[in-house]
Amino acid sequence: AQKITQTQPGMFVQEKEAVTLDCTYDTSDPSYGLFWYKQPSSGEMIFLIYQGSYDQQNATEGRYSLNFQKARKSANLVISASQLGDSAMYFCAMGPGNAGNMLTFGGGTRLMVKP
Amino acid sequence: GAGVSQSPRYKVAKRGQDVALRCDPISGHVSLFWYQQALGQGPEFLTYFQNEAQLDKSGLPSDRFFAERPEGSVSTLKIQRTQQEDSAVYLCASSLRTANQPQHFGDGTRLSIL
């Protein structure tokens, strides 16, 4: 079984500063993928970034980067230069390495960006 | 449009009624997933299709829940004899078949059972 833990229910960050959202996971699968999604108040789930368990380098997508520490089973999301539009719920998720990649989600972190 | 389309956006039903939720995935996406998201929680997996084949339905909470994708494109999630605990947002996602491809979500259907 796979499990995702997000220990920060809510976080504040000042506009233009960087913020790290924590995510730890547990799985016995040797191959897996880690995903981060953003869910604004409007409800849609927006894919942000992906990290494969065998990837040697941390994933980056624009202002988003993933701090992947495999031995510690953590996959923290770093958002640089926060913007007001970054205020939303953020979900960490993982999927198995095969093609039936159903996702297991964490409980989410609500990020609030202060002007 | 180019994204996953779900309808209706909102659905209110009386306890005991049957409801049907529709999902139109991204064209060419072989895999289709349904998730249930309770208020303030992360989505939870319900069922998974690869083309028209339902390969995993382990997340369906009871036999009142039924999903189909008869032609490998549009999918319908049906809930029979709805109960108040069925109130949630139902999210549909689609992806390419390749492992660890990101799933692209629709806006969801917010179901309220009175």
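Residues numbered from 1 in each chain as written. Chains lettered and ligands numbered in written order. Predicted model: local features only at pLDDT ≥ 70, side-chain atom pairs only at ≥ 80, totals over all residues. Heavy atoms only, no water.

Student: Would you mind going over unusual backbone geometry with me for this structure?
Tutor: Glycine aside, residues mostly have negative phi angles, and peptide bonds mostly take the trans form. In this structure, B:P8 follows B:S7 across a cis peptide bond, with omega equal to -5°. You will see that A:K73, though not glycine, has its phi angle at about 55°, which is positive. In this structure A:K73 comes out as partly exposed when scored by relative accessible area, which is 31%. One non-glycine residue with positive phi stands out, namely B:N51, at about 55°. As for its position among the elements, B:N51 is in the loop between strand 5 (44-50) and strand 6 (53-56). Residue classification places B:N51 among the partly exposed positions, given a relative accessible area of 33%. (Buried < 20%, exposed > 50% of the residue type's maximum accessible area, 1.4 Å probe, protein only. Helix = DSSP H or I, 4+ residues; strand = E, 2+ residues; numbered from the N terminus.)

Student: Explain the pairing of strand 3 (residues 19-24) of chain B to me, please; I cannot follow it from the model alone.
Tutor: Residues in a regular strand point their side chains to alternate faces of the sheet. Residues and elements named next belong to chain B. Here strand 3 shows one buried face, formed by V19, L21 and C23, and one open face, formed by A20, R22 and D24. Bridge analysis of strand 1 (residues 5-7) against strand 3 gives three bridges, and the strand direction is antiparallel. Counted as the bridge partner of Q6 is C23 from strand 3. (Pairing = 2+ DSSP bridges.)

Student: When you look at the state of the cysteines in this model, what are you seeing that I'm missing?
Tutor: Among covalent bonds in proteins, the disulfide is the one between the sulfur atoms of two cysteines. The full count for this structure, using the stated rule, is two disulfides over all chains. The side chain of A:C23 participates in a disulfide bridge whose partner is A:C92; the two sulfur atoms lie 2.0 Å from each other. Between A:C23 and A:C92 the sulfur-sulfur dihedral comes to about -65°; the bridge is accordingly left-handed. Here A:C23, found in the loop between strand 3 (19-21) and strand 4 (24-26), pairs with A:C92, found in strand 10 (residues 88-96); they are 69 residues apart in sequence, far enough to count as distant. Both residues of the pair, A:C23 and A:C92, count as buried. In this model, B:C23 is linked to B:C92 through a disulfide, with the two sulfur atoms separated by 1.8 Å. Disulfide B:C23 to B:C92: torsion about the S-S bond roughly -65°, handedness left-handed. Of this pair, B:C23 sits in strand 3 while B:C92 is found in strand 9 (residues 88-95), placing the two residues 69 residues apart along the sequence. As far as burial versus exposure is concerned, B:C23 and B:C92 are alike and both buried. (Disulfide = S-S within 2.5 Å.)

Student: Is there a simple way to explain the packing of aromatic side chains in this structure?
Tutor: The geometry of two aromatic rings is summed up by the distance between their centres and the angle between their planes. The tally for this structure, following the rule as stated, stands at 14 aromatic pairs over all chains. Consider the rings of A:Y37 and A:F47, whose centres lie 5.8 Å apart with planes at 65°: the pair is edge-to-face. Taken as a pair, A:Y37 in strand 5 (residues 32-39) and A:F47 in strand 6 (residues 46-52) lie far apart in primary sequence, ten residues in all. Residue classification places A:Y37 among the buried residues on the basis of a relative accessible area of 0%. Aromatic side chains B:Y35 and B:F45 sit 6.1 Å apart centroid to centroid with 75° between the ring planes, which places their arrangement in the edge-to-face category. Remark: B:F45 occurs in strand 5 and B:Y35 occurs in strand 4 (residues 31-37); sequence separation between them is ten residues. Across the pair, exposure class does not vary: B:Y35 and B:F45 are buried alike. Joined through ring pairs, the aromatic side chains of A:F35, A:Y37, A:F47, A:Y50, A:F91, A:F105, B:F33, B:Y35, B:F45, B:Y48 and B:F105 make up one cluster. Seen from the ring of B:Y10, B:R9 lies directly overhead, with NZ or CZ sitting 5.6 Å from the centre. (Phe/Tyr/Trp six-rings, centres within 6.5 Å; stacked < 30°, edge-to-face > 60°. Lys NZ or Arg CZ within 6 Å of the ring centre and 35° of its normal.)

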